[in-house]
Amino acid sequence: MHNTPQDILIRRPLAVMTGLRGDAARAGAVDIRIADGRIAEMGPDLMPRPGERIVDASDCIVYPGWINTHHHLFQNLLKAVPEGMNQDLQGWLASVPYPRLPLFTPELMRTAARLGMAELLLSGATTCADHHYLYHAGGGTESGDMLFDVADEFGMRFVLCRGGAIESASSHPGFSKTALQPETLDQMLADIERLKHRYHDDAPDAMRRVVVAPTTPTFSLPPALLVELARAARGMRLRMHTHLSETDNYVRFCREKYNCLPVEFVAEHEWLGPDVWFAHLVHLQPSEIRMLAQTGSGIAHCPVSNSRLGSGIAPVPQLAAAGVPVSLGVDGVASNESGSMTGEVNTAWLIHRAAQGAGATTAEDVIHWATAGGARVLGLSEVGTLQVGQAADLVLYDINHPRFYGFHDPALAPVVAGEPITVRTSIIGGRVVVDEGVVCGLDVASIRAEASRGVADLMACA
Ligand SMILES: [Zn+2]
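None of the values given here were measured: they were computed from a predicted structure. (Residues numbered from 1 in each chain as written. Predicted model: local features only at pLDDT ≥ 70, side-chain atom pairs only at ≥ 80, totals over all residues. Heavy atoms only, no water.)

Undergrad: Pulling in residues and values, what's your account of unusual backbone geometry?
TA: The step from Glu-419 to Pro-420 runs through a cis peptide bond, and the omega angle for that step is 0°. Structurally, the position occupied by Pro-420 is in the loop between α14 (413-416) and β17 (422-428). The backbone of Asp-36 sits at a positive phi, close to 55°, despite the residue not being glycine. Residue placement: Asp-36 occurs in the loop between β4 (31-35) and β5 (38-43). The exposure class assigned to Asp-36 is exposed, which follows from its relative accessible area of 72%. Here the phi dihedral of Asp-45 falls at roughly 55°; this positive angle occurs in a residue that is not glycine. Along the polypeptide, Asp-45 turns up in the loop between β5 and β6 (53-56). (Helix = DSSP H or I, 4+ residues; strand = E, 2+ residues; numbered from the N terminus. Buried < 20%, exposed > 50% of the residue type's maximum accessible area, 1.4 Å probe, protein only.)

Below, the structure written as structure tokens:
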């Protein structure tokens, strides 16, 4: 890691949002003192102490860093691939990521990961959970290590959701084109155990976590092994994550093959609980919402990707009302064209109001989902909110720009106005990771050149 924690005093912000709910959602225009990587004090007119770095926040609003709970970083070199622009999920999988998977060299993977993490940081994210599934029998497992390495380079809090497939994946539409062969359960578990031993930290403010995350429970492995995997995960005290009910095709497949709804299927295979969260959950019956709520199973809501692929709109207001833990994820940028959490929160705020009326979401709801909600599904209880004692993961948005002049309530600017908005400073565990709008340690000219070369390489399969 390139920098060290600093003692910092953030002075005179225009507003501070806490990530909490109700009256506690706003802390007012308070100063924030950071010491030993934590929020030490919040209050008006705090006096500087010797050795503190003073950050003038007088043009800024302060948020907890966004917590992105579902991503596929390798896709950062697959934005706006022409063949996939007008496809649904199945057509897009078959024409955009799957045919290009064999072309991903370790160098391209690293470039994609660096680009993705830089974009996330510049949108105000401070924690990323990446669902990484590029594993196959006979192939290397180093890409998981590489992702931890890149997260360390940028100082980002990182959760590796170790994906992959066990069954002959020919039943997964498009997967047969990938040339990736599924692993055995033993191979998958051996790598997860290795990753756990090397990187995993149980602490509520962990910088590194490992999660057990087969790519899709109904396609990626035989049902009996799904149970074995769940038991192994719980035996290792690792959380569990996977895709579920992204499209109506998915629900149809589950009904035809297993004669049940997807949430019923995962329930039968021990894949519900407060240690599980699912990406998407777009198509749900009321009985499934009740099952998710009763078990404390969470969602990574990905509204931009769901819109982009025409998958539908997840019933998130209903999930939240039922008590399901809600978080937000950008999903892969090959089905988003952006890895911005600010774009995601803006869409989440709008899309449910469009579908269900003006009472469906508030800006404060969405901030809560994308901060404290993310921390909850990841089990990182000491991040995601701005309160004394919490880890110092926070973002200063600079709103000194004509776009934001005229705001009566500038505190809500990133959610209600969306992008562009500038992250002037971002701090993770007391380390400054974005300084004056620049990602520390990132050479923009060189990442641009690497990305251009990567796009050229990945066009080779067209
Ligand atoms: Zn995904």
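After that view of the structure, there is still more to cover.
Undergrad: Tell me what's going on with the coordination of the zinc ion, and back it up with residues and numbers.
TA: Looking at the zinc ion, the protein donor atoms are His-70 (NE2), His-72 (NE2), His-243 (NE2) and Asp-331 (OD), and they sit 2.1 to 2.4 Å from it. In this structure, the zinc ion is coordinated by four donor atoms arranged in irregular fashion, with angles at the metal of 88 to 172°. Counting along the primary sequence, the residues that act as donors to the zinc ion give the motif H-x1-H-x170-H-x87-D. Taken together, the residues span a long stretch of sequence, with His-72 in the loop between β8 (66-71) and α1 (89-95) and Asp-331 in the loop between β15 (326-328) and α12 (341-356) at a distance of 259 residues. (Donors = N, O, S within 2.8 Å, 3.2 Å for Na, K, Ca; no water. Tetrahedral: all angles 85-135°; square planar, octahedral: opposite > 155°, others 65-115°.)

Undergrad: Go over the packing of helix α3 (residues 106-123) against helix α4 (residues 142-154), please, and point to the residues and values.
TA: Where α3 meets α4, the axes come as close as 10 Å, and the angle between the chain directions of the two elements is 40°. As far as their axial angle goes, α4 and α3 are oblique. Two packed elements cross with a definite hand, and for α3 against α4 that hand is right-handed. From α3, Met-109, Arg-110, Ala-113, Arg-114, Met-117 and Leu-121 reach across to α4, where they touch Ser-143, Met-146, Leu-147, Asp-149, Val-150, Ala-151, Glu-153 and Phe-154. Among the residues forming the contact of α3 with α4, the class breakdown is nine nonpolar, one polar and four charged. (Axes fitted to C-alpha atoms, helices over the stretch in contact; angles between N-to-C directions. Parallel < 35°, antiparallel > 145°, perpendicular 65-115°, else oblique. Left-handed = near helix turned anticlockwise from the far one by under 90°. Contact = heavy atoms within 4.5 Å. Nonpolar A, V, L, I, M, F, W, Y, C, P; charged D, E, K, R; others polar.)

Undergrad: Pulling in residues and values, what's your account of the sheet that holds β5?
TA: Pairing in this open sheet of four strands is mixed, and the strands run β5-β4-β1-β6 from one edge to the other. Looking along the sheet, the strands with just one partner apiece sit at the ends: β5 and β6. The sheet shows a mean angle of 20° between the axes of neighbouring strands, direction not considered. By the bridge criterion, five bridges tie β4 to β5 in an arrangement that is antiparallel. Among the inter-strand pairings, Asp-31 is bridged to a residue of β5, identified as Gly-43. (Pairing = 2+ DSSP bridges.)

Undergrad: So what's going on with the nonpolar core? Residues and values would help.
TA: Formed by 115 residues in total, the largest nonpolar core has its most connected members in Trp-66, Phe-158, Leu-292, Leu-319 and Val-415. Counting residues per element, this core draws most heavily on α3, which supplies nine residues. Two domains share this core, each providing at least three of its residues, namely domain 1 (8-64 + 386-439) and domain 2 (66-378). Look past the residues within four positions of Val-415 in its chain and what remains in contact with it is Tyr-63, Trp-66, Val-345, Asn-346, Trp-349, Ala-363, Val-366 and Ile-367. Listed in part, the 17 residues of the second largest apolar core include Ile-10, Val-30, Ala-57 and Ala-392. (Core = buried A, V, L, I, M, F, W, Y, C linked by side-chain atoms within 4.5 Å. Domains from an automatic or database assignment.)

Undergrad: Tell me about the pattern of salt bridges, and please be specific about residues and values.
TA: The final tally for this structure, using the stated rule, is 23 salt bridges. Between Arg-38 and Glu-382 there is a salt bridge, with its nearest N and O atoms 2.8 Å apart. Here Glu-382 lies in the loop between α13 (363-378) and β16 (394-398) and Arg-38 lies in strand β5, a separation of 344 residues in the sequence. Judged by relative accessible area, Arg-38 falls into the partly exposed class, the value being 25%. (Salt bridge = Lys/Arg side-chain N within 4 Å of Asp/Glu carboxyl O.)

Undergrad: Help me get a handle on the domain arrangement of the protein, residues and values and all.
TA: When the domains of the protein are assigned, the result is domain 1 (8-64 + 386-439) and domain 2 (66-378). The distance between the C-alpha centroids of domain 1 and domain 2 comes to 29 Å. Listed by partner, the interface residues are 30 residues for domain 1 and 27 residues for domain 2. Of the roughly 2,200 Å² buried where domain 1 meets domain 2, counting both sides, 64% is carbon and sulfur surface. Of all residues in domain 1, the largest losses of buried area upon contact with domain 2 belong to Val-415, Ile-428 and Val-439, amounting jointly to 25% of the total for that side. Between domain 1 and domain 2 we count three salt bridges in total. Between Arg-38 and Asp-205 there is a salt bridge, and its shortest N-O distance comes to 2.7 Å. Connecting domain 1 to domain 2 are ten residue pairs in polar contact (both at pLDDT 80 or more). Of all the elements in the fold, those that place two or more residues in the side of domain 1 that touches domain 2 are β7 (60-64), β16, α14, β17 and β18 (431-435). (Buried area = accessible area lost by both parts, 1.4 Å probe. Polar contact = N/O pair within 3.5 Å; in protein donor to acceptor, adjacent residues only side chain to side chain.)

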